[in-house]
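Listed here are the chains, written in short residue letters.
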Amino acid sequence: MAATTLAGSCLTGLQVRKSVTGPRSRTIPRVVARAADAHRLNQAFSETPFDGFKFSPITEHQVSRAMTRRYFKDLDEYAEADVIIVGAGSAGLSCAYELSKHPDIKVALIEQGVAPGGGAWLGGQLFSAMVVRKPAHNLLDELNVPYEDEGDYVVIKHASLFTSTILSKVLQAPNIKLFNATAVEDLIVREDAMRGKYVGGAVTNWTLVSLNHDTQMCMDPNVLESKVMVSSTGHDGPMGASGVKRLQKLGMVNTGIPGMAALDMNTAEDAVVNNTREVVPGMVICGMEVAELDGCPRMGPTFGAMFMSGQKAAHCALNSLRR
Ligand code: 48N
């Protein structure tokens, strides 16, 4: 079979210079054309701005120190916070956002999950859209979160749009520090003549440690002191309503914890906002934790009460600080 050679088949762009001989010459151009296409494609893919990328140099100890130095500086700074918010769901984040308007107030936002946001990443039954009844849409206007106006309520096309937006505002605030993956597993409670028993701060641990106290010998916690705490730990989840449950165990609230009542949106949202309050000296409750303590109905997949309850809690905390 005559030798066929692809002599000098150097592909420059779409040109192919070749000298082929032999009986299979009619297939060669197809092969070369395919090779040309492949090269062209390869060239097209390879011509991206990220080609031959080179990072500036770093050492591992620099990365370690960049993280640990800042984290432990924050722990040192927030060992005495003006306000500790427990739970970064929609109520806790709305409270933190409201307090971000007071740069002189130092706020530690403690969230047991790795991801803050609680139940506000989705609307209801894992659907995306979030319903917010007026006038809670005013917070969305403040945050520039777009929505469809349906008259008495508005609809955000994806709940995550609200949660990611308010979270980014809170995280940018110089007076707020988020400690996520950190659980409040107990309260600091003191007593004085003026206030009687009052909440003076939070007992914390890494959440994975808090969830594993039964699997190891004692793993002692850390402590953060606060002038006032806002408990917004929600109504379900691994530690739902943990603030009011602890108060009840300590005998600081003399009611039981009836838990939220059956669903009635119109009653529930008004009740949660109206009942947001400083439930014992030094501790404000907001969001669904209010429904757990007072037994008011749940509202299901509408979130306006969470926003306004969180904002109201911020004002309750400010009032407590001024006393
Ligand atoms: O979103 P949640 O659970 O709670 P809220 O009150 O901010 O919002 C509730 C809202 O999402 C609803 O449930 C809606 C309106 N549905 C009502 C209904 O009828 O079903 O956020 C609480 C956050 C979560 O991120 C928890 O991980 C966190 O609090 N958390 C804690 N963080 C630190 N330490 C703890 N002990 C703790 N417990 C809960």
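The protein appears in an unreviewed UniProt entry as Thiamine thiazole synthase, chloroplastic from Coccomyxa viridis. According to the UniProt record, the Subcellular location (unreviewed entry) comment for the protein reads "Plastid, Chloroplast". Taken verbatim from the UniProt record of the protein, the Sequence similarities (unreviewed entry) comment is "Belongs to the THI4 family."

(A) Here's a closer look at the sheet that holds strand 5 (residues 130-133). With antiparallel pairing, three strands are arranged side by side in an open sheet as 5-7-6. Each end of this open sheet is capped by a strand with a single partner; those strands are strand 5 and strand 6 (148-149).

(B) Up close: the UniProt feature "modified residue: 2,3-didehydroalanine (Cys)" (unreviewed entry) in the protein. With numbering matched to this structure, UniProt assigns "modified residue: 2,3-didehydroalanine (Cys)" (unreviewed entry) to Cys218. Relative to the helices and strands, Cys218 is located in the loop between helix 6 (207-210) and strand 11 (222-231).

(C) Spatial organisation of the pattern of salt bridges. Counted by the stated rule, this structure contains 12 salt bridges. Asp82 is paired through a salt bridge with Lys227; the nearest N and O atoms lie 2.6 Å apart. Residue Asp82 is located in strand 3 (residues 80-86), and its partner Lys227 is located in strand 11; the two are separated by 145 residues in the primary sequence. Overall, the relative accessible area of 13% leaves Asp82 in the buried class. Residue class for Lys227 comes out exposed when judged on its relative accessible area of 52%. Measuring nitrogen to oxygen at the nearest pair gives 3.1 Å for the salt bridge that ties Lys101 to Glu98.

(D) Main features of the pairing of strand 5. Of the two faces of strand 5, only the one carrying Met130 and Val132 is buried; Val131 and Arg133 on the other face are not. Pairing of strand 5 with strand 7 (residues 153-156) involves four bridges; the strand directions are antiparallel. In the strand pairing of strand 7, Val131 is matched with Val155.

Cut-off values and rules
- Residues numbered from 1 in each chain as written.
- Predicted model: local features only at pLDDT ≥ 70, side-chain atom pairs only at ≥ 80, totals over all residues.
- Heavy atoms only, no water.
- UniProt positions renumbered as here; feature names shortened; annotations may be inferred.
- Pairing = 2+ DSSP bridges.
- Helix = DSSP H or I, 4+ residues; strand = E, 2+ residues; numbered from the N terminus.
- Salt bridge = Lys/Arg side-chain N within 4 Å of Asp/Glu carboxyl O.
- Buried < 20%, exposed > 50% of the residue type's maximum accessible area, 1.4 Å probe, protein only.

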